[in-house]
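# Structural characterization, general
Single-letter residue listing:
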Amino acid sequence: MSAILPSSAALYDRVRRVIPPIEWPGFAGDIDAILDLKRQRNAVILAHNYQTPEIFHCVADIVGDSLALARKAMTAEADVIVLAGVHFMAETAKLLNPQKTVLIPDLRAGCSLADSITAEDIRLLRQRYPGVPVVTYVNTSAEVKSESDICCTSGNAKAVVESLGVPRVIMLPDEYLAQNIAAQTEVEIIAWKGHCEVHERFTPADIRELRESHPGVIVLAHPECPPDVVAEADFSGSTAAMSDYVERQKPPRVVLMTECSMSDNVALQHPEIEFIRPCNLCPHMKRITLTNIRVALEQNRHVVSIDPEIASRARLAVERMLAV
Ligand code: 13P
Ligand code: SF4
């Protein structure tokens with residue numbers, strides 16, 4: 001008997017190159033249920049580029065990098081938003097949609113960058129550097145955002161830093177992103193010591209080995225990678241910028257120095273391109289599964305809520321970013 005039922009064959013077609021037929025029946029029931037629940041509850045699913053292909057290609061309504069998810073969350077025509085990503089993304093969606101129900105399927109979907117800094121740390125930094133504006137990466141809690149002047153993502157960090165028209169900014173919490181942006185601008189950047197546990201593991205030696213074993217490979221690196229890794233790469237940009245690069249340049253052979261699911265998702269759109277796949281898993285992104293998305297919609301959990309006083313200040317920092 002075939003493992004793929006005719007009712008789900010069209011959806012399976014989208015992911016057949018990365019999901020073996022034997023695994024599909026384990027997904028198909030949840031996918032059917034989620035598609036039904038979305039209609040019943042007038043819900044949309046926002047999925048980050050690091051979500052697994054069965055989520056990204058089969059149930060998500062809106063996909064993208066952190067910046068795109070924040071932008072598109074604002075215009076989502078729905079009563080309920082399910083964030084298939086990590087907690088700070090769900091908080092950002094809630095900040096921009098205070099009237100809507102925002103759900104995160106697993107509260108443990110955190111982020112090593114968000115965990116690296118507190119609101120109190122920012123208050124101390126402001127005492128140490130009076131008058132220097134604080135640019136905060138969206139990979140932070142709403143409370144940290146509420147102490148910031150403006151947010152940024154890896155997709156707009158340089159533009160945000162330069163939009164302030166000052167000689168010096170504090171940029172936190174990602175030390176490597178701050179150093180990578182510092183290399184592209186005249187603005188002096190004071191960094192924090194936070195790191196992404198996924199991207200900090202890549203090394204320049206990894207890239208040199210890849211170039212040796214896969215001649216002609218084009219190397220794309222996320223700017224959360226250490227600066228010496230970015231220096232060895234052919235291109236560096238946010239997850240959306242990497243995806244656009246592949247779309248635009250169509251390199252015959254490419255490697256994405258980032259989270260594992262990203263290559264799967266982009267590769268499905270480009271069967272003609274050879275993707276070399278050394279990658280690191282983000283354990284937080286992988287907390288989100290089809291099953292807990294289904295349960296989130298069935299049981300209305302976990303509802304994201306933010307203290308109104310913190311939310312109003314954090315929203316300002318996100319809105320200033322979106323206006324840049
Ligand atoms: P972007 O999608 O904004 O590039 O961010 C990557 C990331 O690590 C999000 O957790
Ligand atoms: Fe955080 Fe890194 Fe995971 Fe993104 S990939 S959620 S920055 S730990």
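Since the structure is predicted, the reported quantities are computational estimates derived from the model, not experimental observations.

Right, let's get into the state of the cysteines. Taken as a whole and judged by the stated rule, the model has one disulfide. Note that Cys260 is cross-linked by a disulfide to Cys279, the S-S spacing being 2.2 Å. Across the disulfide from Cys260 to Cys279, rotation about the S-S bond amounts to roughly 95°, and the bridge is consequently right-handed. With a gap of 19 residues between them, Cys260 in helix 13 (residues 260–269) and Cys279 in the loop between strand 12 (274–276) and helix 14 (290–299) connect regions that are remote in the sequence.

This part takes up the pairing of strand 7 (residues 168–172). Counting buried positions over the five residues of strand 7 gives four, a clear majority of the element. Alignment of strand 5 (residues 134–137) against strand 7, held across three bridges, turns out to be parallel. For Val135, the partnering residue across the bridge sits in strand 7 and is Met171. For the crossover that starts at strand 7, traverses helix 9 (residues 175–182) and ends in the parallel strand 8 (residues 188–191), the hand is right-handed.

A few words on the nonpolar core. By size, the foremost hydrophobic cluster in this structure holds 93 residues, and its most contacted members are Trp24, Met171, Leu256, Ile293 and Met321. Top element by residues in this core is helix 15 (residues 308–323). It accounts for seven residues. When neighbours within four sequence positions are excluded, Met321 is seen to be in contact with Leu67, Val138, Ile150, Cys151, Cys152, Thr153, Asn156 and Val160. Counting residues in hydrophobic clusters, the runner-up holds 13 residues, among them Phe202, Ile207, Val230 and Ala233.

In this section: the sheet that holds strand 8. Ordered in space as 6-5-7-8, the four strands form an open sheet in which the pairing is parallel. Whereas interior strands pair on both sides, the edge strands pair on one side only; in this sheet they are strand 6 (150–152) and strand 8. Direction aside, the axes of adjacent strands within the sheet are offset by 35° on average. Bridge count between strand 5 and strand 6: three bridges; the pairing is parallel. Across the sheet, residue Thr136 finds its bridge partner in strand 6, namely Cys151.

Near ligand 1, the surroundings consist of His48, Tyr50, Asp65, Ser66, Met89, Asn139, Ser154, His222, Glu224, Ser238, Thr239 and Met285. Between His48 and ligand 1, the recorded distance is 2.6 Å, taken from a side-chain N or O atom to an oxygen atom. Ser66 places a polar side-chain atom, nitrogen or oxygen, 2.8 Å from an oxygen atom of ligand 1. Look at ligand 1: alone it shows 300 Å² of surface, and the protein chains cover 96% of it. For the shell around ligand 1, the per-class residue count stands at three nonpolar, seven polar and two charged.

To continue, consider the pattern of salt bridges. Evaluated as defined, the whole model comprises 20 salt bridges. In this structure, Arg294 engages Asp30 in a salt bridge whose closest nitrogen and oxygen atoms are separated by 2.8 Å. Within this pair, whereas Arg294 is found in helix 14, its partner Asp30 is found in helix 2 (residues 25–41), the two being separated by 264 residues in sequence. Residue Asp30 is classed as buried on the basis of its relative accessible area of 10%. Taking the shortest distance from any N to any O, the salt bridge between Glu188 and Arg168 comes out at 3.8 Å. You can see Glu188 sitting in strand 8 and its partner Arg168 sitting in strand 7, a full 20 residues away along the chain. In this structure Glu188 comes out as partly exposed when scored by relative accessible area, which is 43%. One salt-bridge network, in which partners are shared between bridges, spans Glu120, Arg123, Glu147, Glu309 and Arg313.

Right, let's get into the site of ligand 2. If you check the shell around ligand 2, you find Tyr50, Val86, Cys111, Ser112, Leu113, Asn139, Cys196, Val198, Glu224, Cys282 and His284 and nothing else. Taken together, the residues of the shell around ligand 2 break down into seven nonpolar, three polar and one charged.

The sheet built from four strands is open, its strands ordered 10-9-11-12 with parallel pairing. A strand with exactly one partner marks an edge of an open sheet, and here the two such strands are strand 10 (235–236) and strand 12. With respect to the sheet, helix 12 (residues 239–249) is in contact with strand 9 (218–221), strand 10, strand 11 (253–257) and strand 12, its orientation differing from that of strand 9 by roughly 160°.

Before going further, it helps to examine the environment of Arg287. As for its position among the elements, Arg287 is in the loop between strand 12 and helix 14. Accessibility expressed as a relative area gives 33% for Arg287, which makes it partly exposed. Residues Arg287 and Ala109 lie 178 residues apart in sequence; the distance between their C-alpha atoms is 5.7 Å. Here Arg287 is in contact with Asp106, Arg108, Ala109 and Asn292, once residues within four sequence places are set aside.

What counts and how
- Residues numbered from 1 in each chain as written.
- Chains lettered and ligands numbered in written order.
- Predicted model: local features only at pLDDT ≥ 70, side-chain atom pairs only at ≥ 80, totals over all residues.
- Heavy atoms only, no water.
- Disulfide = S-S within 2.5 Å.
- Helix = DSSP H or I, 4+ residues; strand = E, 2+ residues; numbered from the N terminus.
- Buried < 20%, exposed > 50% of the residue type's maximum accessible area, 1.4 Å probe, protein only.
- Pairing = 2+ DSSP bridges.
- Right-handed = clockwise from strand over helix to strand, strands pointing away.
- Core = buried A, V, L, I, M, F, W, Y, C linked by side-chain atoms within 4.5 Å.
- Contact = heavy atoms within 4.5 Å.
- Axes fitted to C-alpha atoms, helices over the stretch in contact; angles between N-to-C directions.
- Near = heavy atom within 4 Å.
- Polar contact = N/O pair within 3.5 Å; in protein donor to acceptor, adjacent residues only side chain to side chain.
- Areas by Shrake-Rupley, 256 points an atom, 1.4 Å probe, with all protein chains shown as cover.
- Nonpolar A, V, L, I, M, F, W, Y, C, P; charged D, E, K, R; others polar.
- Salt bridge = Lys/Arg side-chain N within 4 Å of Asp/Glu carboxyl O.

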